[in-house]
Amino acid sequence: MNKILAFETSCDDTSVAIIDNNYHVQVNLISSQVKHEDFGGVVPELASRLHLKNIMQLTTAALEKAQLNFDNIDAIAVSVNPGLIGSLLVGVSFAKALAYSLNKPLIAVNHMLGHIYANKIENPDIQAPYLALVISGGHTELVYFASNDSFEIIGRTRDDAAGEAFDKVAKLLGLGYPGGPIVDKIAKEGNPKFADFPRALNRKDNYDFSFSGFKTAVRNYLEKHSSQFIQEHLADITASVQQAIVDSLVKKTINYARKTKIKKIIVAGGVSANSLLRQQIADQAKKIGAKVYFPAMQYCMDNAAMIGAAAIEKYQNKDFADLTLNAFSTKGIRFL
Ligand code: KG4
Ligand code: ZN
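The structure contained in this document is the topic of the report that follows. All figures in this text were calculated on a predicted structure; none of them were measured in a lab. (Residues numbered from 1 in each chain as written. Chains lettered and ligands numbered in written order. Predicted model: local features only at pLDDT ≥ 70, side-chain atom pairs only at ≥ 80, totals over all residues. Heavy atoms only, no water.)

## Structural notes on the coordination of the zinc ion (ligand 2)
Piece 1. The protein atoms that coordinate the zinc ion (ligand 2) are His111 (NE2), His115 (NE2) and Asp302 (OD), at distances of 2.0 to 2.1 Å.
Piece 2. Within one chain, the residues serving as donors to the zinc ion (ligand 2) are arranged as H-x3-H-x186-D. With a gap of 187 residues between them, His115 in helix 3 (residues 111–122) and Asp302 in the loop between strand 10 (291–293) and helix 10 (304–316) connect regions that are remote in the sequence.
Piece 3. Its relative accessible area of 1% is what places His115 among the buried residues. (Donors = N, O, S within 2.8 Å, 3.2 Å for Na, K, Ca; no water. Helix = DSSP H or I, 4+ residues; strand = E, 2+ residues; numbered from the N terminus. Buried < 20%, exposed > 50% of the residue type's maximum accessible area, 1.4 Å probe, protein only.)

Here it is as C-alpha cells:
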C-alpha cells in the first residue's frame, strides 16, 4: 500500500494528511486560524505567518496519529495554486524541503482539482465523464470532464464566488466569518420566500454566474429596514438569501446536465456543505435521471486529504514535480 503525505496551505487553514492509494484517509489534521475572525475576513500576511508556525507541529502530529514515520511515506503532495501566494509558498517550500531531504517524489496539485477529488474519498470508483460544480470562497465554476485528463469550463462567475456571496451577506448582517455555515444554520428556521432577491443571468442557455447585483440588492434591502425588523426576521432573510444563491447554482447545473444528457454530477468546494443546495440539487437531478455526488462533510472545506486524493493518479502515472516547483496564484482549475 502506498502512502502520500499531503499539505494544504492555500488560504487560512493549515492542513496535513496521510492517504493511501485506495483513497483511505489515515489522518487529516486541520488547524483553523480563528484569529482572522476579528477582521471579518482572511488577512494574508497573518495567514502565512500562522502556516509557518503550524506546519511542522502538524506534520509531527499527523505521523504520530497514523503511527507512521517518514520512512513509511512514498510521496509528498502539495497544493501549489490557486490561493494566497504567501500562504501557498509556505506549503510548497516545506514540501520541497521534505521531498529533497527524504528523497521522495514531489507531486504538485491544483487546489480546485483537490476539491473535486475529495469526492473520491467516499466514492473511489467515480470516473469521468462527469459535470463538476465547483463552489468555494474564491471560485464558482461549472466544468465538464470528458475524461480524467481533459476538461472544459462551461460557466464561471463574472464577479463574486458563491461562498463569497454567503460571506459578504453574513458580514452585512453582522454574523461573523465564514458566513456560509452560519447562514445555513440560521436559515433552517426561516421562510425562503420572505424576501425576493434577484437571480442573475437567468437565460436558459447562459451558464455563467453573477452574485454582485444580488449582493447590492441585499444591501439595499437591509438599508431600507430597521435593525429591529432585521433581527426579528433574521431567519427569514437568511433563508431568502440562501434560496437565491442556491437557485442559481442548481438551475444552471441541472439545465446543462439536462441539455447534454450528463448522468453524473459532482459538487465540490466549501459551499458543497450547504444543506439546502444538497437537498435541492439531489431532488432536481433525480428528475432528470442523474446521480449527484458530494464530498463527506469533513472534506468539503479546505483540507489536505483532498490534495492527497488528487495526487494518487499522478503518483500512479509518475507525474512528479522537480525542485524548481513554485507556487502561483492564478485562478481556476488546471492540470499542473
Ligand atoms: O473551499 P473552501 O473551504 O475554501 C476556498 O477554497 O475558498 O470554501 C470556503 C467557503 C466560504 O465562503 C464558506 O462561507 C463556504 O465555503 N461554506 C458554506 C458552507 N460551509 C462553507 N457556504 C454555504 N453553506 C455552508 N454550509
Ligand atoms: Zn478551497
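## Quick word on helix 6 (residues 212–224)
Piece 1. If you check helix 6, its first and last C-alpha atoms are 19 Å apart, about what 13 residues at 1.5 Å a residue would give, namely 18 Å.
Piece 2. Buried within helix 6 are the following residues: Phe214, Lys215, Val218, Tyr221 and Leu222. One side of helix 6 carries all its buried residues, which in axial view fall inside an arc of 120°. Exposed residues pointing more than 90 degrees away from the buried face of helix 6 are listed as Glu223 and Lys224. (Expected span 1.5 Å × (residues − 1). Arc of directions from axis to C-beta.)

## What about the site of ligand 1?
Piece 1. Around ligand 1, the surrounding shell holds 20 residues, and the nearest of these are His115, Gly137, Asp167, Gly180 and Asp184.
Piece 2. A distance of 3.1 Å separates an oxygen atom of ligand 1 from a polar atom in the side chain of His111.
Piece 3. The backbone of Gly180 places a nitrogen or oxygen atom 3.0 Å from an oxygen atom of ligand 1.
Piece 4. Bound to the protein, ligand 1 loses 91% of the 550 Å² it would expose on its own.
Piece 5. Of all the secondary structure elements, the ones that give two or more residues to the shell around ligand 1 are helix 3, helix 4 (162–172) and helix 5 (179–187).
Piece 6. Ranked by residues supplied to the shell around ligand 1, first place goes to helix 5 with 4 residues.
Piece 7. Its residues assigned to classes, the shell around ligand 1 comprises 6 nonpolar, 11 polar and 3 charged.
Piece 8. Counting contributing residues, the shell around ligand 1 receives three or more from each of domain 1 (3–117 + 299–316) and domain 2 (128–295). (Near = heavy atom within 4 Å. Polar contact = N/O pair within 3.5 Å; in protein donor to acceptor, adjacent residues only side chain to side chain. Areas by Shrake-Rupley, 256 points an atom, 1.4 Å probe, with all protein chains shown as cover. Nonpolar A, V, L, I, M, F, W, Y, C, P; charged D, E, K, R; others polar. Domains from an automatic or database assignment.)

## Some remarks on the sheet that holds strand 2 (residues 13–20)
Across a sheet, strands are paired by hydrogen bonds formed along the backbone, either parallel or antiparallel in direction.
Piece 1. Pairing in this open sheet of 5 strands is mixed, and the strands run 3-2-1-4-5 from one edge to the other. Every interior strand has two partners, whereas the edge strands, strand 3 (25–32) and strand 5 (106–110), have only one. Mean inter-strand twist for the sheet, computed between neighbouring axes without regard to direction, equals 20°.
Piece 2. Sheet topology note: the strand 4 (residues 75–81)/strand 5 ladder contains 5 bridges and is parallel. The residue of strand 5 that forms the bridge with Asn81 is Asn110.
Piece 3. Packed onto the sheet, helix 2 (residues 85–102) meets strand 1 (3–8), strand 4 and strand 5 and runs at close to 155° relative to strand 4.
Piece 4. Contacts from helix 3 reach strand 1, strand 2, strand 3, strand 4 and strand 5 within the one sheet, and its direction differs from that of strand 5 by about 95°. (Pairing = 2+ DSSP bridges. Axes fitted to C-alpha atoms, helices over the stretch in contact; angles between N-to-C directions. Contact = heavy atoms within 4.5 Å.)

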